[in-house]
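# Chains, contacts and geometry: an overview
Given next are the chains, with one letter for each unit.
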Amino acid sequence: MKHLVCRLAASGLAFWLVASAPAVSAAEEATFYLETIEVDNASPAIGAIVLSQSLLKEGSRYSETELRDALSRVRRLPFVRDAEFALHKGSSRGAYRLGISVERMSPFFVQGSSNLSLFGETVRLRETGQSLFDNSAAVGLRDSVGGQGMLFAGIGTTGSAYGELGYTQYGLFGTGGYAAADLQYSASGNVLVLPFLADPSLSGWEVGESFAARLAVGIPIRRNDSIRARYAHIQADARAVAPLFGQPDTPAANASGRLSIDQADLDWLYDTTDDALLPTEGLFLSAGAGLLKANTPESFPVGVGPGPSLPSPAQTTNTAFLSLAASRYLPVTDRQTVLASLQSYAGRTRVDERPRETTLGLVGGLGHSLSLLSSSRNRDIDDLRLETFLEYSYDRGPPLPPPAFTRFERLRVGTGVVLRNRWALLRVGVSYTVFDRGRR
Amino acid sequence: VILAVLLLVGELSDGTQPGLQASPRANWEEAKLRVRIPSQVLLDAEVRRVLQSGLTVTFLFEFAIPRARLEEHARLEVRYEPWDETYLVSLLSEGERRSETLASFEAFVRWWETLRWTVSSAPPLVSAGRAELKITVSVVPFSATEERDARHWFAQSIEEPRDLGSPPAAGGPGAQSTRDDMLGALITTAIKRRALRTFRWTVIIPDQERR
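Bear in mind that the values here come from a model prediction, so they are computed numbers and not experimental data. (Residues numbered from 1 in each chain as written. Chains lettered and ligands numbered in written order. Predicted model: local features only at pLDDT ≥ 70, side-chain atom pairs only at ≥ 80, totals over all residues. Heavy atoms only, no water.)

### Structural notes on the overall build of chain A
Counting its regular elements, chain A contains three helices and 21 strands. Buried positions account for 45% of the 440 residues belonging to chain A. For chain A, restricting intrachain contacts to residue pairs at least 6 apart in sequence, the fraction spanning at least 24 positions comes to 60%. Put simply, chain A shows about 20,500 Å² of open surface, and 59% of that area lies on carbon and sulfur atoms. (Helix = DSSP H or I, 4+ residues; strand = E, 2+ residues; numbered from the N terminus. Buried < 20%, exposed > 50% of the residue type's maximum accessible area, 1.4 Å probe, protein only. Contact = heavy atoms within 4.5 Å. Areas by Shrake-Rupley, 256 points an atom, 1.4 Å probe, with all protein chains shown as cover.)

### Points about unusual backbone geometry
Negative phi is the rule for most residues except glycine; trans is the rule for most peptide bonds. The residue after Pro402(A), namely Pro403(A), is reached through a cis peptide bond having omega 15°. Within the secondary structure, Pro403(A) sits in the loop between strand 19 (383–396) and strand 20 (407–420). One non-glycine residue with positive phi stands out, namely Phe173(A), at about 55°. The residue Phe173(A) is located in the loop between strand 8 (161–172) and strand 9 (177–186) in this model. In this model, Glu85(B) sits at a positive phi of 55°, which is unusual for a non-glycine residue.

### Some words on the environment of Arg93(A)
Inspection of the secondary structure assignment puts Arg93(A) in the loop between strand 3 (80–89) and strand 4 (95–104). Once the C-alpha coordinates of Arg93(A) and Gly365(A) are considered, the two residues, 272 residues apart in sequence, prove to be 51 Å apart. Setting aside its immediate chain neighbours within four residues, Arg93(A) contacts Trp83(B) and Asp84(B). Side chain to side chain, Arg93(A) and Asp84(B) meet in a polar contact 2.4 Å long. (Polar contact = N/O pair within 3.5 Å; in protein donor to acceptor, adjacent residues only side chain to side chain.)

### Focus on the environment of Ile37(A)
All names here are of chain A. For Ile 37, the location among the structural elements is in strand 1 (residues 31–40). For the pair Ile 37 and Val 434, spaced 397 residues apart in sequence, the C-alpha separation works out to 53 Å. Those residues in contact with Ile 37, other than ones at most four positions away along the chain, are Leu 51, Leu 56, Lys 57, Glu 58, Leu 98 and Ile 100.

### Side note on the pairing of strand 9 of chain A
Residues and elements named next belong to chain A. Pairing of strand 8 with strand 9, which is carried by nine bridges, proceeds in the antiparallel orientation. Bridge pairing in strand 9 links Glu 164 to Gln 184. Where strand 9 and strand 11 (residues 203–220) come together, nine bridges link them in antiparallel fashion. Pairing of Ser 186 across the sheet is with Ser 210, part of strand 11. (Pairing = 2+ DSSP bridges.)

### A short note on the packing of aromatic side chains
By the definition in use, this model includes 20 aromatic pairs over all chains. Judged by centre distance (6.4 Å) and plane angle (70°), the ring pair of Phe105(B) and Phe108(B) falls under edge-to-face. With Phe105(B) and Phe108(B) both in helix 4 (residues 105–114) and three residues apart, this pair spans about one turn of that helix. Here Phe105(B) and Phe108(B) have matching classes, each one buried. Connected via pairs of aromatic rings, a cluster forms that spans Phe59(B), Phe61(B), Phe63(B), Tyr80(B), Tyr87(B), Phe105(B), Phe108(B), Trp111(B), Trp112(B) and Trp117(B). The ring of Phe245(A) has Arg437(A) lying over it, and the distance from NZ or CZ to the ring centre is 3.9 Å. Just above the ring of Phe105(B) sits the side chain of Arg48(B); from NZ or CZ to the centre is 3.7 Å. (Phe/Tyr/Trp six-rings, centres within 6.5 Å; stacked < 30°, edge-to-face > 60°. Lys NZ or Arg CZ within 6 Å of the ring centre and 35° of its normal.)

### Some thoughts on the pattern of salt bridges
Tallied over the entire structure, the rule returns 31 salt bridges over all chains. Linking Arg98(B) and Glu100(B) is a salt bridge whose minimum nitrogen-to-oxygen distance equals 3.4 Å. Judged by its relative accessible area of 28%, Glu100(B) falls in the partly exposed class. Between Glu132(B) and Lys134(B) there is a salt bridge; the shortest N-O distance is 3.8 Å. Residues participating in the shared-partner salt-bridge network are Asp275(A), Asp383(A), Arg385(A) and Arg420(A). (Salt bridge = Lys/Arg side-chain N within 4 Å of Asp/Glu carboxyl O.)

### A few points about a nonpolar patch on the surface
Side chains of Leu116(A), Leu118(A), Phe133(A), Leu390(A), Val413(A), Val430(A) and Tyr432(A) sit close together on the surface and give an oily, nonpolar patch of about 530 Å² of accessible area. Contributions of two or more residues to the nonpolar patch are made by strand 5 (108–124) and strand 21 (424–438) of chain A. (Patch = residues over 30% accessible without salt bridge, like charges linked within 9 Å, V, L, I, M, F, W, Y side chains within 5 Å.)

### Notes on the sheet that holds strand 6 (residues 96–102) of chain B
Residue and element names in this part refer to chain B. One open sheet holds the six strands; their spatial order is 6-5-4-3-8-9, and the pairing between them is antiparallel. Only two strands of the sheet have a single neighbouring strand rather than two, namely strand 6 and strand 9 (197–204). The mean angle between the axes of side-by-side strands here comes to 15°, regardless of whether they run parallel or antiparallel. Inspection of the sheet shows strand 5 (residues 86–93) paired to strand 6 by seven bridges, in the antiparallel sense. Across the sheet, the residue bridging to Leu 88 is Thr 101, located in strand 6. (Axes fitted to C-alpha atoms, helices over the stretch in contact; angles between N-to-C directions.)

Written out as structure tokens, the structure reads:
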């Protein structure tokens, strides 16, 4: 596995060097004085959002590169299906009127996915075995509210039914910034697997009611750079817990209490990708710092079996971390894109009253996306893509007694078809995952 | 290996073409292979619309002779100037830049029809077997200027063309050069921005000796 890590890292570096060929500024690039900017085919609220997120100001001069970046920002808005820029004559010679034509996504949307996960060993999740068929579906509405607000509400199921309500305020502080809030509630049961840093025992927690709240604020600092602050709180009433990789016959331990995760982070982002959901070109970088706090409740074994016979105490994990992420999307032909991505974090973790330990994690991936549509536009389907990926992740946690693991590695390969049109995003796929883990 | 297979499958499935009646013509002039691209490219509705945007539109030309392992590129940038209602064109071919201002769309079409694209490295045909010239024209919104030097930076990875009459060698050094070709092709096409429209043709290169 270590050889694989080295090879993946070397390939990633080589790919990165190729992908990051020096871009030279165009000395003779034309600039345009934008006397007025008009957003066509949009309501006043949508027009105001598009204008603020473009970061273009009337009475300023812009190069074509700056206009292209502005167009990418508009196209990344989740409710924008397509957008185009056109320059027209202004009121005096040398002045231009920029027309931004926007085609909106439907206010009504459907999301669905169906994935067959195959594992290299027996995994105990909602079902126990070497395969798991996962289905999720959601329907919702999204529309503009007030001056520059966007409200959305939806219901869905990911093994359990949930409801979601969110609101995004654009044009924050008059800077093109935004603030987003999202609440999610589920009354029915589900099985949650927490991030390795939050639960190094790699357990599946059977929960009842669960609730999640997320807040995000983003402020642009230059045309492709922004600062983002996020906070997320997730809590659920735990009922039972069982190790993911334990003996299948061992009864799940009873759990009583609340498990929760609180995470706050502050990141610098650089984004030139052309699409928020299915990018085909561009670069995304982020660097930041954050705090993660996780609580897992006490659990008590049931009956007699080969599993742990002692109660597992409640546990609190606090981690302060630094994180880096990079994704590069390269269009290699008109219909094919290659993706290379790398995410990493390094943290100092304290579990209960134990001394702080260094923890780290790495996720590297290579992907390929092939458009199954011809180059001529099909207005009923925007995207029909065959996506293939290879992903490797490595996590190293603090040295804790069993059942905790100190290391967790995962190699995943998968493929699937993604369909997107103006009101739907549907995925069907299959993946195969092998795991490796170590104890102290 | 998986990536190479996926790219190959993608390329093989990438056979769709806009329905253009006209096709390019290739012939030898003064021992150089010259190509004319039909002006119907400009009449395509999508191309015509983006040409009117007042922002630069780039036409990327690729001429490939697979038998000679040859690939050459040229670029034409066009910007419609709303104030003068003129078309500012800038042509980069064979390492030379040529800029012109054309008074109308019709003048731009006529100018396009006069263009003779030279595949300067095309080696002479010495055998009876005919070689194919693959032509790709990609229409890319906005300027591709910043890609120029990156392309030039990578151009060293393209090897010298081989004689059209001799088939590619199997094994030995040939195996290495095939790998270099794949890398070169991957890199040079990787810099290309996603095209709005792509036109592809395959034409037979006429026999030079018989002319």
